[in-house]
Amino acid sequence: MKTEVRNKTLDLDFTRTQFPALGKGFTFMDNAGGSQVLGKVIDRISEYMLNYNVQLGASNKISAEAGEKLKQVTTGIAALVNASRDEEIVIGSSTTMLLRILSLTISQQWQEGDEIIVTDTDHEANVSPWKDLQEKGFNIKIWQVNRKSLELEISELKKLMTNRTRLVAVTHTSNVLGTINPIKKIASAVHEAGALICVDGVAFAPHRKVDVRDLDADFYTFSWYKTYGPHLAVMFGKYNELSKLDSLNHYFIGKESVPYKLQPGNFNFELTYGLQGIIDYYEEMYRHHFNGDDLSFSGRLSSAYELIGAHEEKIAALLLSYLKGIPEIQIIGISSADAILRVPTISFIHRDFKSDEIVEKVDQHGIGIRFGDFYAKKLIQALDLEDKNGVVRVSLVHYNTIEEVENLITVFRGIF
């Protein structure tokens, strides 16, 4: 199958027709801030509101149908990330909120003086909930990025871990650097030290297949609104770890109620049902590009993501090649476009311009890029980029085209 994938290219006509907003004539290149929404997702949300908009758990027919529909979606999400059971899927309003819920519950198992390790590359969603535990007597350690390579080195993590380390919080992919961290190797080192690993996958999930069992992540989170869906998020947690957590729901919702005990007020039904449209999209992408349907769902998903990765590597290579040719520009992250090493979230600074000055000039051309720290404040501070007003970030996804990147480069040539 890998040979077959290598001989295929992503059909951009098929892809772009799946996203209604792409017909506006605007170029969306701030996708790491929020991707466009699939038409299939919009249709599913409408379908739920029109046909199943009742409270769950009632004895009537519509309530039973609604419950079954949502159960099917949860099963689909579990398959999407390769969870071992549906109960390992926690739906919430945002990655930030889910990680806050996790920090509040899991910290009740720990003792004063226990340690949590966070990085200086993460979005604050996977930093603040852990750093705030200092108020309860926990010690917070910082796994610092190598200032030259801009990579997190496992050897440095091992120096930080002790027998009091309870959890390591790390991003799968930096939303500034675009670098894909070796989570499987990091998880192995963390588990060897007797600790747990919590992974923020927000900047990774829109681009590559998430396999929580292969990664051996204890907790893994990402946001659906950056993954072609609605404003909603998901947290995977190993069942044996979720079952240990206290309930944050009503007093009569006990510890055994996984995952409901971590979903106070329940989850948003119509938006959750909309997520089926994302699963349907990957299935249709496979069928559109390949003959036969003999692969497992995991196999079909892998093939779809290989197509996505190959296309994203092409458009990233075009932009990175241009940026590398400008002496005044410094790419913040690795300069390789290799899909194994990075996603097409590309950041840079210019010697003679502040980042906001560049973006505001690009705005005039109907192209949406962005500047700032992107809530990765510790990283921007560590790299001394605050005076530049952060970085210029061009965040591409698979529905972006070579022509769009070429147009952006043309605009850049008129600025630099």
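Please refer to the structure placed before this passage.
For clarity, every value in this text was computed on a predicted model and none was experimentally measured.

Moving on, we come to the layout of surface pockets. In this structure, the largest pocket encloses a volume near 740 Å³. Phe204, Arg208, Lys209, Ala339 and Ile340 are, among the 25 residues lining the largest pocket, the residues nearest its centre. With 7 residues, the top contributor of residues to the lining of the largest pocket is helix 13 (residues 297-324). Of the residues in the lining of the largest pocket, the class split is 10 nonpolar, 4 polar and 11 charged. Counting the residues that make up the lining of the largest pocket, at least three belong to each of domain 1 (1-37 + 299-414) and domain 2 (42-277). Surrounding the second largest pocket, 16 residues form its lining, Lys71, Thr74, Pro259, Gln263 and Phe267 being those nearest its centre. Only helix 4 (61-81) and strand 2 (89-92) provide two or more residues apiece to the lining of the second largest pocket. At 4 residues, the largest contribution of residues to the lining of the second largest pocket is made by helix 4.

A word on the packing of aromatic side chains. Inspection of every chain in the model, using the stated rule, returns 23 aromatic pairs. Relative to tyrosine 281, the ring of phenylalanine 19 lies with its centre 5.7 Å away and its plane at 80°, an arrangement referred to as edge-to-face. Here tyrosine 281 lies in helix 12 (residues 276-289) and phenylalanine 19 lies in the loop between helix 2 (12-17) and strand 1 (27-28), a separation of 262 residues in the sequence. The residues phenylalanine 19 and tyrosine 281 share a single accessibility class, namely buried. Their ring planes at 65° and their centres at 5.0 Å tell us that phenylalanine 26 and phenylalanine 28 sit as a pair that is edge-to-face.

Rules behind the numbers
- Residues numbered from 1 in each chain as written.
- Predicted model: local features only at pLDDT ≥ 70, side-chain atom pairs only at ≥ 80, totals over all residues.
- Heavy atoms only, no water.
- 1 Å grid on protein atoms, 1.4 Å probe; cavity = no way out; pocket = protein on both sides within 12 Å on 5 of 7 lines; lining within 4 Å.
- Points joined across faces, edges and corners; volume = space filled by probe spheres on them.
- Helix = DSSP H or I, 4+ residues; strand = E, 2+ residues; numbered from the N terminus.
- Nonpolar A, V, L, I, M, F, W, Y, C, P; charged D, E, K, R; others polar.
- Domains from an automatic or database assignment.
- Phe/Tyr/Trp six-rings, centres within 6.5 Å; stacked < 30°, edge-to-face > 60°.
- Buried < 20%, exposed > 50% of the residue type's maximum accessible area, 1.4 Å probe, protein only.

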